[in-house]
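Given next are the chains, with one letter for each unit.
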Amino acid sequence: MNMIQAINSAHKVMMREDEDIVVFGEDVGYFGGVFRATEGLQKEFGKTRCFDAPISENGIAAVAVGMAAYGLKPVIEIQFADYIYPAYDQIVSEIAKMRYRTAAEWTMPMVIRSPYGGGIYGGQTHSQSPESLFTHIAGLKVVIPSNPYDAKGLLIAAIEDPDPVVFFEPKRIYNGPFDGHHDRPVQPWTKRAEAEVPEGHFTVPLGKANIVREGEALTVLAYGTMVHVALAAMEEAGIDAEVIDLRTLVPLDIEAIEQSVKKTGRCLIVHEAPRTSGFGAELSALVTERCFYHLEAPVERVTGWDTPYPHSYEWTYFPGPARIKKALDKVMAD
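What counts, and at which threshold
Residues numbered from 1 in each chain as written. Predicted model: local features only at pLDDT ≥ 70, side-chain atom pairs only at ≥ 80, totals over all residues. Heavy atoms only, no water. Helix = DSSP H or I, 4+ residues; strand = E, 2+ residues; numbered from the N terminus. Rg over C-alpha atoms; globule rule 2.2 N^0.38 Å. Buried < 20%, exposed > 50% of the residue type's maximum accessible area, 1.4 Å probe, protein only. Contact = heavy atoms within 4.5 Å. Areas by Shrake-Rupley, 256 points an atom, 1.4 Å probe, with all protein chains shown as cover. Lys, Arg positive; Asp, Glu negative; His and termini not counted. Charge placed at Lys NZ, Arg CZ, Asp CG, Glu CD. Pairing = 2+ DSSP bridges. Axes fitted to C-alpha atoms, helices over the stretch in contact; angles between N-to-C directions. Expected span 1.5 Å × (residues − 1). Arc of directions from axis to C-beta. Parallel < 35°, antiparallel > 145°, perpendicular 65-115°, else oblique. Disulfide = S-S within 2.5 Å. Salt bridge = Lys/Arg side-chain N within 4 Å of Asp/Glu carboxyl O.

### Some words on the overall build of the protein
Along its length, the protein carries 12 helices and 12 strands. Here the C-alpha radius of gyration of the protein, 19 Å, is about what a compact globule of 334 residues would show, namely 20 Å. Across its three principal directions, the C-alpha atoms of the protein cover 60 × 45 × 35 Å. Taken over 334 residues, the protein has a buried fraction of 59%. Contacts spanning at least 24 positions in sequence make up 78% of the contacts within the protein whose residues lie at least 6 apart. As presented, the protein carries roughly 13,900 Å² of accessible surface, and 52% of it is formed by carbon and sulfur atoms. Side chains of the protein carry 31 positive and 45 negative charges; the gap between the two charge centres is 2 Å.

Spelled out as structure tokens, the structure:
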């Protein structure tokens, strides 16, 4: 499966198992979603369990609050993460707070899915990475898969979780991995082991990182598309780096990070969101707090710029292998 098919399969597996699960959002019903992640759901489960919503992200999230409070399990889609901001008040003030404000009498068992990230020539309104805005909010879990196998397993785990999960899907790798070289032919998922996705029910636990490449000289922390970019950059640089796919930002597998950095003594963080207050800043602080006396050099970050996502300078903005190489030279030289 590619990542779209894996996400679609996760929907079907869970909707067949639990009649309380409903799926809705803009164009997710009859059309099957702009990326086809919900294709066939309305045909199989009917219009009461998979349906289209008006173009009102605030309304989509608000309706999901009522559904979850009354025992349903909504899985909503925000068509692009760039348009999640109208729903931010509902997510922050209601969805994230409900368990706390009711002393756990009510929970919010819902998933908020949304394609995110750049590398698709989407410009400033279809390329944003707003994950740090949600990791900052107590009461939310934030998940970002990097391959089809994880996408299905993590989505099933998110749907089964009693608390709200924001599930960001890197749209640049929906159809295949991406090494950061935009001028090379696109590679399909069919050539990768991560595309071997079981048809039935399985989970990838939230809060468990994956060491996708073992090494001794450097720890690289990444998630989503940047996992593949980081792997390619390490291979090109010939560095014995350990690359960790975080998978979930909240909860964070800090034990895996700490163990790796104490082994390597160096840490590089890669994400495509803007630098200031990006999740890389939190990772850098945690690594410094926990591993200070093991570090041989300051923690380095490779990120997007502190600007709107530029259309004409996309591949300069995008943290590709060339920009990672500059950071590698610095972190390995100190």
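### Digging into the sheet that holds strand S5 (residues 141-143)
Read across the open sheet, the 7 strands follow the order S2-S1-S3-S4-S6-S5-S10; overall the sheet is mixed. Both outer strands of the open sheet, strand S2 (50-52) and strand S10 (248-250), are each paired with one neighbouring strand and no more. Taken pair by pair, the neighbouring strands of this sheet meet at an average axis angle of 20°, ignoring direction. Pairing of strand S4 (residues 111-116) with strand S6 (residues 165-170), which is carried by 6 bridges, proceeds in the parallel orientation. Bridge pairing in S6 places Tyr116 opposite Pro170. Across the sheet, helix H1 (residues 3-17) is in contact with strand S1 (21-25), strand S3 (73-77), S4 and S6; its angle to S1 comes to roughly 140°.

### Considering helix H12 (residues 321-333)
Counted at 1.5 Å a residue, the expected span for H12 with its 13 residues is 18 Å, and the 18 Å between its end C-alpha atoms agrees. Residues of H12 that are buried: Pro321, Ile324, Ala327, Leu328 and Val331. In a view along the axis of H12, the buried residues occupy a sector of 120°, so they form one face of it. Every exposed residue of H12 that faces more than 90 degrees away from the buried side is listed here: Ala322, Lys326 and Ala333. On its buried side, H12 packs onto strand S8 (218-222), helix H8 (225-237), strand S11 (267-274) and strand S12 (300-304).

### Section: the pairing of S4
The element S4 is extensively covered by neighbouring structure, given that 6 of its 6 residues are classed as buried. Judged by which residues are buried, S4 turns out to be covered on both faces: Val111, Arg113 and Pro115 on one side and Ile112, Ser114 and Tyr116 on the other are all buried.

### Brief notes about the pairing of S1
Within S1, 5 of the 5 residues are buried, which leaves the element mostly enclosed by the surrounding structure. Both faces of S1 are covered, namely the face carrying Ile21, Val23 and Gly25 and the face carrying Val22 and Phe24. Inspection of the sheet shows S1 paired to S3 by 5 bridges, in the parallel sense. Its bridge partner lying in S3, Phe24 is registered against Ile76. Inspection of the sheet shows S1 paired to S2 by 3 bridges, in the parallel sense. Its bridge partner being in S2, Val23 is matched across the sheet by Cys50.

### Comments concerning the sheet that holds S12
Ordered by their spatial adjacency, 5 strands build an open sheet running S7-S9-S8-S11-S12, and the pairing between neighbours is mixed. On the outer flanks of this sheet lie strand S7 (210-213) and S12, each paired with one strand and no other. Going across the sheet, the axis of each strand differs from the next one's by a mean of 25°, ignoring polarity. Sheet topology places S8 next to S11; 3 bridges connect them, and they run parallel. Counted as the bridge partner of Leu221 is Ile269 from S11.

### Comments concerning the packing of helix H3 (residues 57-69) against helix H4 (residues 88-95)
Following both chains from N to C, one finds H3 and H4 inclined at 25°, their axes separated by 8 Å at the closest point. The angle between the axes of H3 and H4 places the two elements in the roughly parallel class. Taking contact as the criterion, the partners of Asn58, Ala61, Ala62 and Val65 in H3 are, on H4, Gln90, Glu94 and Ile95.

### Concerning the state of the cysteines
For the coordinates displayed, the defined rule picks out 0 disulfides. In this structure Cys267 is not part of a disulfide, and its nearest cysteine sulfur, from Cys291, lies 8.0 Å away.

### Some remarks on the pattern of salt bridges
Taken as a whole and assessed by the stated rule, the structure comprises 16 salt bridges. Across the salt bridge formed by Lys73 and Asp18, the nearest N and O atoms sit 2.9 Å from each other. Highlighted residues: Lys73 in strand S3 and Asp18 in the loop between H1 and S1, separated in sequence by 55 residues. Under the relative-accessibility criterion, Lys73 is labelled partly exposed at 28%. On the basis of relative accessible area, Asp18 is assigned to the buried category, the value being 17%. We note a salt bridge from Asp161 to Lys141, for which the minimum N-O separation is 2.7 Å. Taken together, the residues span a long stretch of sequence, with Asp161 in the loop between helix H7 (148-160) and S6 and Lys141 in strand S5 at a distance of 20 residues. Residue Asp161 is classed as buried on the basis of its relative accessible area of 11%. It is possible to trace a salt-bridge network through shared partners that takes in Glu77, Arg113 and Glu169.

Keep in mind these values describe shape, not function.
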